[in-house]
Structure formats: C-alpha cells, structure tokens
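# Summary of the model geometry
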Amino acid sequence: MRTNLMRGTAALTLAATALAMTACGSSSSSSKAGAASGSHGKVTLTFVNWDGGMQAAVDQWNQANPDIQVQLSKPSGTGYTLYNKLITNNAAGTNPDVTEVEYQALPALIANKVIVPIDQYIGDISADFDKSSLAQVQFEGKTYGVPQNVCPMVFFYRKDIFDSLGLKPPTTWDEYAADAATIHAKNPKQYIGNFSAVDSGWFAGLAQQAGANWWTTSGTTWNVAIDDAPTQKVANYWSNLIDKGLVSPEPNWSPQWSTDMNSGNIIGWVSAQWAPNQFPSVAKDTAGKWVAAPLPAWTAGDPTVGIWGGETEAVTANSKHPAEAAKFVKWLNSSTEGVKTLIQQVAAFPASLSNQNQDALKTPPPFMSDQQDYNTLIAQAAKNVRTFQVWGPNANVTFDAYSNDFAAALQNKTPLSAALTQMQQATVDDLKKRGFSVTG
Amino acid sequence: MKAPRRRHTLLPQILLIPAVVLFLLFTVAPGAYAIYLSFMKQKAGGGLFGTDNPTTVFAGLENYRAAFGDAEFWHSIGRMLLVAVIGVPATIGFSTLFALCLDAKRTRLVGFSRLAIFLPYAVPGVVATLLWGFMYLPATSPIGGDTINYFGSHTVFFAVANVAVWGVLGFNMVVIYTSLRGLPRELFQAAELDGASELQIALRIKLPLLAPTLTLVTVFSLIGALQLFNEPTTLKPVTNAISSTWVPLMRVYTDAFVDNDIYRGAAASFLLIVLTVAATVAANTVLRLIARRSER
C-alpha cells in the first residue's frame, strides 16, 4: 500500500514536471523570436539566492528600474544542492535568469554550460577588482560574473572564556595547538574548536594558506595536486590534534555543534568573514562574547590567509534577457548603492575595491557589536588572500570525496593524509572519465 | 462467490486502460530511457572546460563495468543488508507482538493503543530522522547519548534500523491486527473451552493462521529495506559514520546528482533493480514455501 501510494505521488510529480517542461519549451521559442526583434518593454528577471537580506537589494533595484523587474526566490537547498539542480534543469531550460554561485562551483557550471560569459554586457571590470577576485570569475579571457564578496578566513574565539583561562588568541598554528592542549586539560569537555568533515571549502581555505594549489592549468590540460606537500602539512597538523583528542571531530552545522558552540564547550571557530551572519542561528545566546582575530599563521608574522566561500551572481544559459540580467548583476556587486545594501543587509565584505571604504563598513555586524574594528580586520585579511589558481571543473566530486574520505578517517581514526590521497584519486579519475586532459 | 454471468464484456479491459497507460508512461518509458542512458557517456569537448562540442557517445558496458567493479557499490549493498538484517526481523517481531497484545481478550484502551502505535507511520521519514538525530547526539540526547555512542562504526547500523523500524512498525501492526480480527472467533472459543491459555491460543492458533499475512508483511519490509535512503541521507550531515554512498540508493543519487554522471547512476540503478527483483522473487518463494508448510 505504501509503495502504491508512493508510486502514485511519483507519477503525479512526473506529470507536472512534464507539463512544466513542455510549457517552458514553447515559451522559450516564442520569446527567442521576441528577443531577435530587439527586446523592449518591461522585462522580468528571475533570481535565485539563499542569502538572508537579499530581498532588500532586489527591492531597491526594482524601485529604480521599473523596466527591469527582478523576482527573488530562495532555492530549496543551498550550495551543491542548488548547483546540481541548475545542471539538471539546464537541459530542460527551466533555470532562473540569474543565480547565486560560490566561486568554487563556477568552473563546474561553466563546464556544464549552465552559465554564459557576460563581457559584452558589463564591459571591462578589471579596474575595480583585485587579481585574486578576478581569478575567481575569469577563465580563458571570459568573465562569468561580477565578484560579490571576499571571504578571508579568520579565527573567532570566546573572549570571556579565553580571558578567564589567561589565554591570548593564537597567532601561529603552534600556539593554536598549545592553546588547544591547555583548554582541554583544564576542562576535558571543552575544546578550542572542531575538525569538520562536511566543509571541504574550509579545509581548502586552510590548504590555500599553506601554499597549496589543488588545480592548475597549462593550455587546456588540468593538473591536479590535492595531496601536495602543503596540503599534507595541513592534514598532518590536524591529524595530530585529533589523535590527541584536542579538537572535537564532530561536523559543523549539526545540532551537536550548535549546542556546544552555544554552551561554551567549543570556544573557538576557524571560520571566515561571513561567520557573524551565521552566529545568531548557531549560538544565539552568545552575542557579543565572540571576538575575531587574524587566522593563526604557519610562520609568525606571515599574514597570508585562504578564503572560505565567497560568491558571485551569474547569468544562466537559459536566460532570455542576458543583457538585462548582466546589468543587474553589475549593479548589485559594484555600484555604490547596491554594495551598500549588501554590506548592511547581507553582511558582505565587498570584492569591489572602490566600495571597500564605504562608511557602512565602519559599523560591525550586529553579532559583533563589541568589536568596532571588525571590518578593519577583515579588510586587512582580504589584502592578504591567497587562492588556488583555479577551481577544478569537477570540484563537486572533490568536495564529495572530501566529505566521505575525511569523515571515514575521523570515524575509523586513520590518518587524514590517506584520505587526501583518495580525494586526489577520485578527482583525477573523474576528470579522465569525462575526457579532460589531465596530469597528476 | 458466483461466477459472473455475462462473459463477453470489455469493461475490465477498459477499466484497466488508465492504469496501463500510467504504468507505460511513468514506469516503463522512464525505465527504458534510463537503460538507454546507462549505455551512454558524456565526452568533454575542446577548451579548458570541455565546452567546445561536448558529445554524448556510446559507452558499451563501461558504466556497468564501473558499477560492478566498484568496491564501494558492494559495500553499500553490504551496509544495506546489515540494516535489513536488524530491521526486518525487528519490524515483523514487534508488529506481530503488538497486534497479538491488542487482540488479546482482556486488553483495554485498544483504540488508543492502536493509534499510538500507528502514529509514527504518519510522521514523514525526514522529520522522524531529524527527531531521532537529536535523540542520538550527545549534546541534545535525552536517552544517554553521553554514555552510548549511537554513531559508532557498529552502532550506527542499529541507529539507522531503529528509525526505519519505528516508522513502519505501526503500519505493519495494523495489517496484522486487521488480519487477526478477521480470523474466526469460534476457534479461539473452542480452544478456551479445551483449557488453552491466552498465550497458548496466541502461539498455537493465531500465529499459524497469520502465516500468509506475515509473508506479505515480510516482503513489504524487504522491499522497504532495499529502498533505504531517507534515514541515512538525513542523518549524514550530523555524523562522520555515514557517507554519501552509504547505501545503494545513496550511491545512485550521488552518481547522478552530486557527481553529475547520470549515465553511471543509470547503470547502477538498473543493476539495483535487477538485484531487487531477484531478491523479492526469491524471498517470496521461500516465504510461501514456509507458509504452506506451516499451514499443514
């Protein structure tokens, strides 16, 4: 009975999808004809974005542009749930005009022809962005989006608890390890942080800081070096902490982690610029108690940091109004008004250089109300960002392998470096299978 | 029952048409398309991202060879079987026990108890799993998460099976209970007059008569076990013990929608269908033999 019921539901869903697909198929052909004769009149763009506060920016745009109205919708899932859906829907032609894309997923969407270059609509943007931001959106001389934000990694810690233990925030990874030992020795329930096997972007950011370059290209050949020496160094460092039980092996974003973050069992978080936007849902009772400090360095005084996250808005291949869509994207991420709203409502740190001095950045995000210079710290870190040369066209496979192999290593208490080797293998195998030319 | 008088009517066939059309459209056609896909693969074209003229080419048995030769695929089947070995007997055992208890002569509050046991079935699988996730994690657990590691390398199988069993127990209980209520009461009265206790009636009379129903329920549970997906998928983010390829359906899903290789996903799912059909037929045959023997 249960199976019958489920089959019935599936049939209904399929029928609806089939209808939707035919509907879109016919509308796309008719509007293509319209576009050929030159688009005029009112245009409505659909925009998918999961960031809280984005509606404010959209409202502002809609008010100023009565002819190009933007309709914001939240995707049913974030991150790769959205990207995989975009890839699947691309063939059916049902994608929105504009979509949020994190930098690491952009190459995969390009490889699957989900998004299109927008150079012809936005012109040259190289004057307003630094090299590392441009490297995230420009490939083979084409621009696939206007960079929105920079998300340098920083270290957040519970100042009240660190003070009571007589500790200062660690400036090097050696100090981090020493602090981890002190904290855990004083209270076996307390940890300086956790090692998360669900956040591959987090580990990638740490590897970037250490000097890794997971993907490089020469001509049209990809070189994959996920188990290179710098990454091995990072993996071994954390392996050591995990073996000694000095960091919690529990994944981020679980009820377990949130409870520990809120209760003071976990008193540090190696995270990134956007963390204050997440704290209210992770550890709501601790507002004002967390303070950000520069990410610990491998050698004292080295300010280099990696990034965790960061995103752009891209125009999809399904869009019938790419010119208008690109115009909106450019306004959102590089105009004074657009970026101001992003800073105030989405708590972004803008990638647009001319906007990094906005007055809006002089006030910290609400959760960090006690740290007046929060954005000064972020600006400083943003100057010293080091990223990979490029994210691979199958970073989704790499990230999935990370979550499986690192989780298994934590579960079975085996070295993380072995998991790196598996990650490398999975990534190279997948590229070869798809017919890319690969070395490494 | 009497045989119908009029024989030459087309009504049955006509009534069947909608079902057949739906079956062809939404089971056979997508299935055939999936089989077609399983023999194809995407080949990157020129350029750094392979976007210049990418092609879909015939792959022969490559996808099948990959799925068949993939150790992780067989591991995922092994894990699914482990959960089934724990979950199926528990489902059948407990639902039979509850049904017999409700059917016993002196049971009170039957209506309320039946509803209470059935209620978990009405809770969507994802919600149920989230709920159990909270119960398992040490920081939020009211049931001893500090002392018991529910997500240990071995205990995780029980943790997953528990959620699945909790969800379908009520449904199976109702099926068995309904069948129990349909048994002739005179039999029990006769047994009672012969001096049989409530327990003896349950074990010696009710249980054997339930055999056909139990067969049905077991096949349902086996199919349910093969379709294990919701529970481990929802628990995955909260623990290191569950990978994205933990059970076969997760493997198929990951192939198709995470790694974006629908071709290999199609091959793996076709393999899985073959295995599922084979397992169901085998289980059905064996159970029917057992049932027939116990009827004698």
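Going by the structure above, here's the rest.
Report follows, based on the coordinates. Every chain is numbered independently, its residues counted from 1 as its sequence is written. Each chain gets a letter, beginning with A, and each ligand a number, beginning with 1, in the order they are written. Reporting of local features is limited, given that this is a predicted model, to residues whose pLDDT is at least 70; pairs of side-chain atoms are given and counted only at 80 or more, and all residues count toward the totals for whole chains, interfaces and linings. By convention in this description, side-chain values take in all heavy atoms of the structure and omit both hydrogens and water.

### As for the overall build of chain A
Under the DSSP-based scheme used, a helix requires at least four consecutive residues in state H or I and a strand at least two consecutive residues in state E, with every element numbered from the N terminus. The helix and strand inventory of chain A stands at 17 helices and 13 strands. The globule rule used here is 2.2 Å times the number of residues to the 0.38 power, and the radius of gyration it is set against is calculated over C-alpha atoms. What you see for chain A is a C-alpha radius of gyration of 23 Å, in line with the 22 Å of a compact globule of 440 residues. Projected onto its principal axes, the C-alpha positions of chain A cover 70 × 55 × 50 Å. Only protein chains enter the area calculation, which uses a 1.4 Å probe; residues under 20% of their type maximum are buried, those over 50% are exposed, and those in between are partly exposed. Residue burial in chain A is summarised as follows: out of 440 residues, 56% are buried. Each accessible area is a Shrake-Rupley estimate made with a 1.4 Å probe; only the visible protein chains count as cover when residues are assessed. Accessible area of chain A: about 17,400 Å², with a carbon and sulfur share of 54%. Taking the average place of the 29 positive charges on the side chains of chain A and the average place of its 35 negative ones, the gap between the two points comes to 4 Å. Neither His nor the chain ends is counted toward charge; the positive residues are Lys and Arg and the negative residues Asp and Glu. All charge positions are set by atom: Lys at NZ, Arg at CZ, Asp at CG, Glu at CD.

### Looking at unusual backbone geometry
One non-glycine residue, Lys113(A), lies in positive phi territory at about 55°. With respect to the element layout, Lys113(A) can be found in the loop between α4 (106–111) and α5 (119–122). What makes Lys113(A) partly exposed here is its relative accessible area of 41%. At Asn53(B), a position not held by glycine, the phi torsion is positive, near 50°. The class for Asn53(B) is exposed, based on a relative accessible area of 66%.

### Focus: the interface of chain B and chain A
Across the boundary between the two partners, chain B contributes 40 residues, which contact 47 residues of chain A. A 1.4 Å probe defines the accessible area here, and the buried area is the portion of it lost by two parts on being joined, summed over both. Taking both partners together, chain B and chain A bury about 3,600 Å²; carbon and sulfur atoms supply 55% of that area. Any Lys or Arg side-chain nitrogen found within 4 Å of a carboxyl oxygen on Asp or Glu counts as a salt bridge. Applying the counting rule to chain B against chain A returns one salt bridge. The residue Asp261(B) makes a salt bridge to Lys433(A) at a minimum N-O spacing of 2.6 Å. In what follows, residue pairs with any heavy atoms lying within 4.5 Å of each other are defined as contacts.

### Brief notes about the pattern of salt bridges
Inspection of every chain in the model, using the stated rule, returns 15 salt bridges over all chains. A salt bridge links Arg434(A) to Asp430(A), with the shortest nitrogen-to-oxygen separation between them at 2.8 Å. Residue classification places Asp430(A) among the buried positions, given a relative accessible area of 4%. Between Arg251(B) and Asp255(B) there is a salt bridge, with the nearest N and O atoms lying 3.2 Å from each other. Of this pair, Arg251(B) and Asp255(B) both sit in helix α10 (residues 248–258), separated by four residues, roughly a single helical turn. Here Arg251(B) and Asp255(B) have matching classes, each one buried. Where salt bridges share partners, they join Asp430(A), Lys433(A), Arg434(A) and Asp261(B) into one cluster.

### A closer look at the sheet that holds strand β12 (residues 311–315) of chain A
Residue and element names in this part refer to chain A. Strand order in this open sheet of five strands is β2-β1-β3-β12-β6, and the pairing throughout is mixed. A strand with exactly one partner marks an edge of an open sheet, and here the two such strands are β2 (68–73) and β6 (146–147). Here the rule is simple: two strands pair whenever DSSP picks up at least two bridges between them. Pairing of strand β3 (residues 98–102) with β12 involves five bridges; the strand directions are antiparallel. Directly across from Glu102, in β12, lies its bridge partner Glu311. Here, axes are lines fitted to C-alpha atoms. For helices the fit covers the stretch in contact, and angles between N-to-C directions go from 0 to 180 degrees. Across the face of the sheet, helix α2 (residues 54–64) comes into contact with β1 (43–48), β2 and β12 while running at roughly 165° to β2. Packed on one face of the sheet, helix α13 (residues 322–334) meets β1, β2, β3, β6 and β12 and runs near 165° to β12.

### Observations concerning the environment of Asn112(A)
Structurally, Asn112(A) is set in the loop between α4 and α5. Along the chain, Asn112(A) and Gly310(A) lie 198 residues apart, while their C-alpha atoms are 21 Å from each other. Residue contacts for Asn112(A): discarding those within four places in its chain leaves Ile87(A), Asn90(A) and Asn260(B).

### Overview of the side chain of Ser132(A)
All names here are of chain A. Structurally, the position occupied by Ser132 is in helix α6 (residues 131–137). The exposure class of Ser132 is buried, given its relative accessible area of 18%. If sequence neighbours within four positions are ignored, Ser132 has contacts with Val385 and Thr387.

### Here we look at a nonpolar patch on the surface
The grouping of Leu10(B), Leu11(B), Ile14(B), Leu15(B), Ile17(B), Val21(B) and Leu25(B) at the surface amounts to a nonpolar patch, some 690 Å² of accessible area in total. Position of Leu25(B) among the secondary structure elements: in helix α1 (residues 11–38). Patch members must show over 30% relative accessible area and no salt bridge, and they are joined within 9 Å when carrying like charges or within 5 Å when they are nonpolar side chains of Val, Leu, Ile, Met, Phe, Trp or Tyr.

### Regarding the sheet that holds strand β10 (residues 268–272) of chain A
All names here are of chain A. The strand order β10-β7-β11 describes an open sheet built from three strands, whose pairing is antiparallel. One side of each edge strand has no neighbouring strand; the edge strands of this open sheet are β10 and β11 (290–294). Neighbour to neighbour, the strand axes of the sheet diverge by 35° on average, direction disregarded. Examined bridge by bridge, strand β7 (residues 153–158) and β10 share five bridges and lie antiparallel to one another. Bridge assignment links Phe155 to a residue of β10, and that residue is Val270. With respect to the sheet, helix α11 (residues 255–263) is in contact with β7, β10 and β11, its orientation differing from that of β10 by roughly 115°.

### With respect to the environment of Gln227(B)
With respect to the helices and strands, the residue Gln227(B) is situated in the loop between α8 (198–226) and α9 (230–235). Distance in space between the C-alpha atoms of Gln227(B) and Met80(B) is 9.0 Å, their sequence separation being 147 residues.

### Some thoughts on the packing of helix α6 (residues 155–181) of chain B against α8(B)
Residue and element names in this part refer to chain B. α8 packs onto α6 with a crossing angle of 150° between their chain directions and a minimal axis gap of 10 Å. Regarding the angle of α6 to α8, the classification is roughly antiparallel. The two elements α6 and α8 cross, and the hand of that crossing is right-handed. Residues Phe171, Asn172, Val175, Ile176, Ser179 and Leu180 of α6 touch α8, and the partners they reach there are Lys206, Leu210, Thr213, Leu214, Val217, Phe220 and Ser221. Only Asp, Glu, Lys and Arg are considered charged in this grouping, and only Ala, Val, Leu, Ile, Met, Phe, Trp, Tyr, Cys and Pro are considered nonpolar; every other residue, Gly among them, is considered polar. Residue composition of the contact of α6 with α8, by class: eight nonpolar, four polar and one charged. When describing relative orientation, an angle under 35 degrees is termed roughly parallel and one over 145 degrees roughly antiparallel, while 65 to 115 degrees is termed roughly perpendicular and anything else oblique. In this scheme, a crossing is called left-handed if the near helix is turned counterclockwise away from the far one by less than a right angle; it is called right-handed if the turn is clockwise.

### Topic: α10(B)
Residue and element names in this part refer to chain B. Burial analysis of α10 places eight of its eleven residues in the buried class, the great majority of the element. Taken together, the buried positions of α10 are Pro248, Met250, Arg251, Val252, Thr254, Asp255, Ala256 and Val258. Taken from the residues just after α10, Asn260 is the one with a positive phi, measuring 55°.

### Some details on the pairing of strand β9 (residues 221–224) of chain A
Residues and elements named next belong to chain A. Residues Trp222 and Val224 point to one face of β9 and are all buried, whereas Thr221 and Asn223, pointing to the other face, are not buried. Alignment of β9 against strand β13 (residues 437–439), held across three bridges, turns out to be parallel. By the bridge assignment, Asn223 is partnered in β13 with Thr439.

### Describing the packing of helix α9 (residues 200–210) of chain A against helix α16 (residues 395–412) of chain A
Residue and element names in this part refer to chain A. For the pair α9 and α16, the least separation of the axes is 9 Å and the interaxial angle reads 95°. Relative to α16, α9 is oriented roughly perpendicular. Counting all contacts with α9, which are made through Ser200, Gly201, Trp202 and Phe203, the residues of α16 involved are Phe399, Tyr402 and Phe406. Considering only residue class, the contact of α9 with α16 consists of five nonpolar, two polar and no charged.

Geometry only, nothing functional implied.
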